[in-house]
Amino acid sequence: AGRKGGATPPTARGGLPWFGHMLNFARNPYHFVSAVASEHGEIAAFTLMGQRIVLLTGDEASEVFYRGSDEQLDQSAAYKLMTPIFGEGLVFDAPIARKNEQLRMLMPSLRMEAMRDHSHKIVQEVEDIIASWGESGEIELVEFMKQLTINTASHCLLGREFRYELSTEFAAIYHDLEEGVHPLAYHFPYLPIPKFRRRDRARKRLQELVGGIVRKRAAATDKPSDMFQTLIDMRYEDGTPLDENEITGLLVGAIFAGHHTSSGTAAWVLLELLRNPDILGRTEAELDRLLGADGAVTFGSLREMPVLEGVVKEVLRLHPPLIILMRKVMEDISFKGYTIKAGDMVWACPPVTHRLSRLFSNPGRFDPDRFSPERREDRNLMAYQPFGGGKHKCSGNAFALFQIKAIFAVLLRRYDFELVDTPESYVDNYSDMIVQPKSPCRVRYRRRAAAAAPARPVEAAEPPPECPAHRKAEAAPVARPAITVAVDRQLCQGHAMCMGEAPEHFRVGADGTLRILKEAVTEAELEKVQSAVLYCPNAALRIERH
Ligand code: HEM
């Protein structure tokens, strides 16, 4: 990066002056970018409304996108339209260092350890929503998943006050905030139109409600375990707590980032299972085997579901809900002799990269086994990118995967499902900003003959053993150990999956920083450390043999 004077990237022909390829793009964004990439390759340029865009696809060009620093590649330009919703001074409206501090504050509630607690709430929400289903019926799947995932997100992140006491008012506020996400806000965020006025009223009211809860909780002795409370207790590095605007903005940010992305993915999981009956059979067999007839859904059992996990990963390969990720180029970048100029936008495009046959075998085929330990087609982090990559990779990825597994652990054991329309008629709606199956998306359900009893979450499953850091000195190796474990700091986001797998080796502090307690790995410890390496959502750990 940084070398100047290279060639201009191959540029898509046609297009109108200034408008560029806007018409083709608006008609179907995915088909347009996919056609540009297949004609011109991994780096290709075009214009939209006077803005030059450089499309980066494939693993090598994606690396330029994901490994760029915040100073080289600015995230905020792409997300400017969210400022009135998140709030001023928050995330993309904050200076880089502060933005990253704020983003890190979300991690403690999203990483694996927090799932021990969230899993009860998620299971309870699924049970509650299907309580009125009866023997059989039909649902609009996309709407159903939207409702379910807003219930789980408000329960786990916002907490019981918004979920139960203020649920009607919160639904109205959330509706007005969502309606306020409009492309017009890129250029005129505060235009006095009714949509934007309602958005601003809703944001203000939400903050008042947040303020009320902060004061009430301060007086309470029993503090809940939700993201809201984590943010109340959080401090910036200089010791300052978050104010009510910041708590509100970060909560809204987490909900917006996680809601439609999760609901669309969950909907696609069911559709793909119904289109692939053999895989559905294997998934159901796995759930029945792991959870048995008594229905207990444990934190541990949810983690160990290779078949269902493969299905979710494959759904995310073929139907990633975020199809375009954007950054503004702040300084010239060179890639394979081409120069990407400051002022250009760069786009990564997960669904295009996910369908390249040099990166995924038979890429059009729905094949969850491609993620098996023997094949590991998600090993190349710059190829498999439904959650983005690098330091801004989705911090909710562990939460999202875990939540979807919890949803299906309940749904598939209680009901049988069936597509109402022909399998090919279920397609992605690429005109949505967050891509989901096109509506109507109808599915029938019928209670399973030997339906499991309501799934009971097991109370706080096995807590991790005490941190053995104090024993470190005793374990000091005399010679260089044969096997060690190391972390790539650029990739680690502090999900703490490793701490759950091998607590003697890894500790993630409240600030999300990973400490390797013990670099040396004995043969006896190897299996646990290997699991930690395998389950790290960012593949930030590696075992080294000397
Ligand atoms: C970022 C996808 C669920 C919170 C991202 C990015 C992607 C993504 C692609 C990177 C955006 C970029 O680089 O511009 C997904 C998908 C999900 C999902 C496919 C579900 C299947 C969630 C959930 C949460 C969440 C449930 C939180 C509750 C975030 C946050 C970021 C992010 C905070 C910003 C990270 C940063 O910039 O450092 N997500 N997401 N996501 N996601 Fe997710």
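The structure presented is a predicted model; accordingly, all values stated were derived computationally and were not measured. Along each chain, residue indices are assigned from 1 in the same order as the chain's sequence is written. Reporting of local features is limited, given that this is a predicted model, to residues whose pLDDT is at least 70; pairs of side-chain atoms are given and counted only at 80 or more, and all residues count toward the totals for whole chains, interfaces and linings. Where side-chain values are given, they derive from all heavy atoms of the structure, hydrogens and water being excluded.

(A) Seen up close, the overall build of the protein chain. In terms of helices and strands, the protein chain carries 22 helices and 16 strands. A radius of gyration in this sense is built from C-alpha atoms; the matching globule rule multiplies 2.2 Å by the number of residues raised to 0.38. Against the globule reference of 24 Å for 546 residues, the protein chain gives a C-alpha radius of gyration of 24 Å, in line with a compact fold. Its C-alpha atoms put the protein chain at 65 × 65 × 55 Å along the principal axes. The burial tally for the protein chain puts 55% of its 546 residues in the buried class. Here, residues are in contact when the closest pair of their heavy atoms is within 4.5 Å. Counted over contacts in the protein chain with a minimum sequence separation of 6, partners at least 24 positions apart contribute 74%. In this description, accessible areas are obtained by the Shrake-Rupley approach with a 1.4 Å probe, and a residue is regarded as covered only by the protein chains that are shown. Entry remark: accessible area of the protein chain is about 23,900 Å², with carbon and sulfur atoms responsible for 54%. Note that His is not counted, nor are the chain ends; the positive residues are Lys and Arg, and the negative ones are Asp and Glu. A charge is said to be at NZ when it belongs to Lys, at CZ for Arg, at CG for Asp and at CD for Glu. When the 68 positive and 72 negative side-chain charges of the protein chain are each reduced to one mean point, those points stand 3 Å apart. For helices the rule is a DSSP run of H or I covering at least 4 residues; for strands it is a run of E covering at least 2, with both sets numbered from the N terminus onward. Partly exposed describes any residue whose relative accessible area lies between the buried limit of under 20% and the exposed limit of over 50%, with all areas from a 1.4 Å probe on protein chains only and scaled to the type maximum.

(B) Representation of the packing of helix 16 (residues 277-291) against helix 18 (residues 306-318). Two elements in contact, helix 16 and helix 18, have axes separated by 8 Å at closest approach and are oriented at 135 degrees. By the criterion of interaxial angle, the relationship of helix 16 to helix 18 is oblique. For the pair helix 16 and helix 18, the contacting residues are Ile-279, Arg-282, Thr-283, Glu-286 and Leu-287 in the first and Pro-306, Val-307, Leu-308 and Val-311 in the second. Between the N-to-C directions of two axes lies an angle of 0 to 180 degrees, each axis being a line fitted to C-alpha atoms and, for a helix, fitted only over the stretch in contact. Orientation labels follow simple angle bins: below 35 degrees gives roughly parallel, above 145 gives roughly antiparallel, 65 to 115 gives roughly perpendicular, and whatever is left gives oblique.

(C) Region of the structure containing the environment of Gly-87. Mapping Gly-87 onto the fold places it in the loop between helix 5 (83-86) and helix 6 (96-105). With sequence-adjacent residues up to four places away left out, Gly-87 is seen in contact with Met-82, Asp-93, Arg-203 and Asn-245.

(D) Layout of the packing of helix 8 (residues 112-130) against helix 20 (residues 397-414). Where helix 8 meets helix 20, the closest approach of the two axes is 9 Å, and the angle between their N-to-C directions is 35 degrees. The element helix 8 and its partner helix 20 pack so that their crossing is right-handed. Contacts between helix 8 and helix 20 involve Met-112, Met-115, His-118, Ser-119, Ile-122, Val-123, Val-126, Glu-127 and Ile-130 from the first element and Ala-398, Phe-399, Phe-402, Gln-403, Ala-406, Ile-407, Val-410, Leu-411 and Arg-414 from the second. Think of it as three bins: nonpolar holds Ala, Val, Leu, Ile, Met, Phe, Trp, Tyr, Cys and Pro, charged holds Asp, Glu, Lys and Arg, and polar takes everything else, Gly as well. In terms of residue class, the contact of helix 8 with helix 20 is built from 13 nonpolar, three polar and two charged. Crossings are classed by handedness, with left-handed meaning an anticlockwise turn of the near helix from the far one by less than a right angle and right-handed meaning a clockwise turn.

(E) Quick peek at the state of the cysteines. Disulfides are defined in this document as cysteine sulfur pairs within 2.5 Å. Tallied over the entire structure, the rule returns zero disulfides. Of all cysteine sulfurs, the one in Cys-492 lies closest to Cys-536, which takes part in no disulfide; the gap is 6.7 Å. Since its relative accessible area comes to 16%, Cys-536 is described here as buried.

(F) Local environment of the site of the ligand. Nearness of a residue to a molecule or strand requires only that one of the residue's heavy atoms be within 4 Å of it. Within the structure, the ligand sits among 26 residues, and Gln-75, Tyr-79, Arg-327, His-392 and Cys-394 are positioned closest to it. At 2.8 Å, a side-chain N or O of His-392 approaches an oxygen atom of the ligand. Among the secondary structure elements, those contributing two or more residues to the shell around the ligand are helix 15 (244-275), strand 5 (325-329) and helix 20. No other element matches the six residues that helix 15 contributes to the shell around the ligand. Among the residues making up the shell around the ligand, the classes are represented as 16 nonpolar, nine polar and one charged. N or O atoms within 3.5 Å of each other form a polar contact, as long as, within protein, one can give a hydrogen and the other can take it, and as long as residues adjacent in sequence are counted only when both atoms are side-chain atoms.

(G) Geometry of the pattern of salt bridges. Counted as salt bridges are all cases of a side-chain nitrogen of Lys or Arg within 4 Å of a carboxyl oxygen of Asp or Glu. Applying the stated rule across the entire model yields 41 salt bridges. The partner of Arg-542 in a salt bridge is Glu-544, and the shortest N-O contact between them spans 2.8 Å. Residue Glu-544 is classed as partly exposed on the basis of its relative accessible area of 26%. Salt bridges linked by common partners bring Glu-314, Arg-317, Arg-365, Asp-367, Arg-370, Arg-375 and Glu-377 together as one network.

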